[in-house]
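This is what each chain is made of:
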Amino acid sequence: MSRYKYPEFSDGFSEKSDFNLYKLITQEVYKNLLEMHHNNDNEYKTNGLRFYYRYNDTMNATARVRSGFDEIVINTGTITQMRSWIFSAFSTKGVLRYCGDSSKENNVESNASFDYENKDIIQSEPPIDESRRKFAEYTALFGIRFICMHELGHLLNGHAALFSELYGFKEIEMRQLAKDFKLNPNNGYALDRRTIEMDADAFAVTQDIVNLDGIIKNNVAEILDLLPNPYTVYHLWAFAVQSFFLLLEKSEFSEYNDYMWYLPNVGRQRMNIGAAMTTVDMLMDARIMDVEPLKKRNILLNIEAGIREAQLFFNMNKNTEFDYLEGMDDDVEYNKYFDEVLEHWDTSMKQRLSKYARSNLSSSK
Ligand SMILES: [Zn+2]
């Protein structure tokens, strides 16, 4: 019998639904990256990507290789929690105030819930200002896209296949549950795991920054016309991703510890800022992104501002005092753990992944 009461589903929703949107976006990136790398000499292949949802209110997601397919499973709770949080932010006066007219909002919580019958999301009390509703949609999408891309990184960079060979683990789950601590750090699992989680985050950030650059160039999203300047898109993205890490932190405490499968959320976000800026350099070097004086600095300032605003909103609502940017440059624990995963990546993990990877594994993060 299944662990879960409801079977995973990959269809049954309408074309216009969010479920279809996340699935299409992920499949599109998967297809494009495979095409870009079809010439590499790696023999490893799968039958394609299958994208599922699991009706479960917890925030969680999974990457796995099953029956010869790459598979991603996203909990419905990941989507409803992200959407509830982001829509509530846009329903609050003074929050993200350069987006539309926040003075029209009346600070009412906006809740997303999953309608199992119709396989759809129902959003109660969306922002009153029409353009803020639109921004809420895009910002929530940025957050959920980051999660989808992280899972895709586990597949295309070969993590899921290697871990099933090394440890017999069928799934790479987003959550480390109490029962998971029985794997002690001496068998190397925790360090291997922290290292691939760093890589999956870096993959997600890279794909997201490339996507934001595309949005700014093409304005397909038609949200640029409503923003004070194009850089604000980075602010919204950082707001969404930071909100995700804060929601994770609130539901499960994280810390620097050799038993942990992840660096703590604060450490992950610090790495993500670095990965974002590395991607900007890469895009500029390749002349995909225009090289303009101050551009890099403006992007960084907007990412930091988005992180700060997400924290401010979170701390205000949950009575917490998170500050992910404080003491960032000289955090001894962060530097120690960060150096450890980098070293492990370069000396061990990258080489072991190479037979399963279907993307360019970076030589050093
Ligand atoms: Zn992961």
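In what follows, the structure referred to is the one given above.
Residues numbered from 1 in each chain as written. Predicted model: local features only at pLDDT ≥ 70, side-chain atom pairs only at ≥ 80, totals over all residues.

### A short note on the overall build of the protein
In plain terms, the rule: A run of H or I in DSSP counts as a helix once it spans at least four residues, and a run of E counts as a strand once it spans at least two, with each numbered from the N terminus. Three exposure classes are used. Buried residues have 20 or more other C-beta atoms within 10 Å of their own C-beta, exposed residues have 12 or fewer, and partly exposed residues fall in between, all C-beta atoms being placed from the backbone. Note on contacts: residues are paired as contacts if their backbone-placed C-beta atoms lie within 7 Å.
When helices and strands are tallied, the protein shows nine helices and six strands. With respect to the principal axes defined by its C-alpha atoms, the protein has extents near 55 × 55 × 40 Å. Out of the 365 residues belonging to the protein, those deemed buried represent 42%. For the protein, the proportion of contacts with a sequence separation of at least 24, taken over those separated by at least 6, is 68%.

### Regarding the sheet that holds strand S1 (residues 49-54)
What counts here: At least two bridges found by DSSP between two strands are what make those strands a pair. Interaxial angle, 0 to 180 degrees, is taken between N-to-C directions of lines fitted to C-alpha atoms, where a helix line uses only the stretch in contact.
Spatial strand order, S1-S3-S2-S6: four strands in an open sheet with mixed pairing. Either end of the sheet is taken by a strand with one partner, and the two such strands are S1 and strand S6 (171-173). Each neighbouring strand pair of the sheet contributes to a mean axis angle of 15°, computed without reference to strand direction. Pairing between strand S2 (residues 61-66) and strand S3 (residues 69-75): six bridges, direction antiparallel. Residue pairing across strands places Val-65 opposite Asp-70, the latter belonging to S3. Where helix H1 (residues 18-36) meets the sheet, it contacts S1 and S3, and its direction lies at approximately 155° from that of S1.

### With respect to helix H2 (residues 76-90)
For clarity, the threshold we go by: One less than the residue count of a helix, multiplied by 1.5 Å, gives the span that helix is expected to have.
Across its 15 residues, H2 extends 21 Å between first and last C-alpha, which sits within 8% of the 21 Å expected from 1.5 Å per residue. Of all 15 residues in H2, 13 are buried, a share of seventy percent or more.

### Details of the environment of His-154
Mapped onto the fold, His-154 is located in helix H3 (residues 130-156). For the pair His-154 and Ile-288, spaced 134 residues apart in sequence, the C-alpha to C-alpha distance is 26 Å. If we ignore the near neighbours within four places in the chain, the residues touching His-154 are Ala-63, His-159, Ala-160, Ile-172, Ile-196 and Ala-200.

### With respect to the packing of H2 against helix H6 (residues 232-251)
The following threshold applies: Orientation is classified from the angle alone, with under 35 degrees giving roughly parallel, over 145 giving roughly antiparallel, 65 to 115 giving roughly perpendicular, and any other angle giving oblique. Note: crossing handedness is left-handed where the near helix turns anticlockwise from the far helix by less than a right angle, and right-handed where it turns clockwise. Each residue is assigned to one class: nonpolar for Ala, Val, Leu, Ile, Met, Phe, Trp, Tyr, Cys and Pro, charged for Asp, Glu, Lys and Arg, and polar for all the others, Gly among them.
Taken N-terminus to C-terminus, the directions of H2 and H6 make an angle of 120°; their axes are 10 Å apart at the nearest point. Of the possible angle classes, the one that applies to H2 and H6 is oblique. By crossing handedness, the relation of H2 to H6 is classed as right-handed. Residues Gln-81, Met-82, Trp-85 and Ile-86 of H2 lie in contact with H6, whose contacting residues are Ala-240, Ser-243, Phe-244 and Leu-247. Residues belonging to the contact of H2 with H6 are distributed by class as follows: six nonpolar, two polar and no charged.

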